[in-house]
Amino acid sequence: MNTGAAVPPSSSDHERWHHAFAHYVLRVATFEDPDFTFGALSAPDSAQRLVLAAMALLGRHYKLSVEQVMAFARSITVRPHRFNHDDGYIIEMPTPRRTGECFFLAIVRKGDGAIDYLTLERADDDGVMLGGWNAEGGHLNYGEKSTRDLDGFIAEVIALRLGSPRA
């Protein structure tokens, strides 16, 4: 994997790591080398190492201290999840404070090998939006949602994948 492609745009704001982790580093890794990413996420130890490696990359970019990198990496939780007939992972992020930061991510490999990369993001005026990314790097917007909890996010992901988004 080319780590240069995973580096977010320059910013002097060191708190933007939250956005960059979900929208750049993990997304690029997932689409550029899905076998590596899914393999790394498949076990707790390797998932934590992947998160730590991503945070180390962001730490260098955003000039975070080692202590910050370690604390932020520990604040991200990865767990396997079955979405109907497809395996995937839920990534729980620290509570977002800014628009565009994620509450949760779902990374799901479809039966045909394609990938769903879905996000539950903080929106303007403290709203919540279901979004995602495609393999070409396009950001997808599935509209505002009322849920902020894990079960609600999982239900939204399943409904979207079944072609029947919830209101």
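The paragraphs below set out a description of the structure included in this document.

Cut-off values and rules
- Residues numbered from 1 in each chain as written.
- Predicted model: local features only at pLDDT ≥ 70, side-chain atom pairs only at ≥ 80, totals over all residues.
- Heavy atoms only, no water.
- Helix = DSSP H or I, 4+ residues; strand = E, 2+ residues; numbered from the N terminus.
- Buried < 20%, exposed > 50% of the residue type's maximum accessible area, 1.4 Å probe, protein only.
- Contact = heavy atoms within 4.5 Å.
- Areas by Shrake-Rupley, 256 points an atom, 1.4 Å probe, with all protein chains shown as cover.
- Phe/Tyr/Trp six-rings, centres within 6.5 Å; stacked < 30°, edge-to-face > 60°.
- Lys NZ or Arg CZ within 6 Å of the ring centre and 35° of its normal.
- Pairing = 2+ DSSP bridges.
- Axes fitted to C-alpha atoms, helices over the stretch in contact; angles between N-to-C directions.
- Patch = residues over 30% accessible without salt bridge, like charges linked within 9 Å, V, L, I, M, F, W, Y side chains within 5 Å.
- Salt bridge = Lys/Arg side-chain N within 4 Å of Asp/Glu carboxyl O.

Attention now goes to the overall build of the protein chain. A count of helical and extended segments in the protein chain gives five helices and six strands. Taken from N to C terminus, the helices and strands of the protein chain fall in the order α-α-α-α-β-β-β-β-β-β-α. Looking at the protein chain residue by residue over its 167 residues, the buried ones come to 46%. Put simply, 47% of the contacts in the protein chain that link residues at least 6 apart link residues at least 24 apart. Of the accessible surface of the protein chain, which amounts to about 8200 Å², a share of 51% is contributed by carbon and sulfur atoms.

Attention shifts here to the packing of aromatic side chains. In this description, a pair of aromatic rings is defined by centroid distance and the angle of the planes. Inspection of every chain in the model, using the stated rule, returns four aromatic pairs. Plain terms: the ring middles of Phe-104 and Phe-153 are 5.6 Å apart, the flat faces sit at 15° to each other, and that makes the pair stacked. Remark: Phe-153 occurs in helix α5 (residues 150-161) and Phe-104 occurs in strand β3 (residues 102-109); sequence separation between them is 49 residues. Cation over ring: Arg-27 sits above Trp-133, and NZ or CZ is 4.1 Å from the ring centre. Of note, Arg-109 hangs over the ring of Phe-38, and the distance from its end group to the ring centre comes to 4.4 Å.

What follows deals with the sheet that holds strand β6 (residues 139-145). Within the open sheet, the six strands sit side by side as β1-β2-β3-β4-β5-β6. Their pairing is antiparallel. The sheet is open, and its two edges are formed by β1 (77-83) and β6, each paired on a single side. Between one strand and the next, the sheet's axes are offset by a mean angle of 20°, whatever the strand orientation. Bridge count between strand β4 (residues 115-122) and strand β5 (residues 128-133): six bridges; the pairing is antiparallel. Looking across to β5, one finds that Leu-118 is bridged to Gly-132. Strands β2 (86-92), β3, β4, β5 and β6 of the sheet are contacted by helix α1 (residues 17-32), whose axis makes an angle of about 180° with β4.

There is a patch of nonpolar side chains on the surface, built from Leu-52, Val-66 and Met-70 and spanning about 250 Å² of accessible area. Locating Val-66 in the fold gives a position in helix α4 (residues 66-74).

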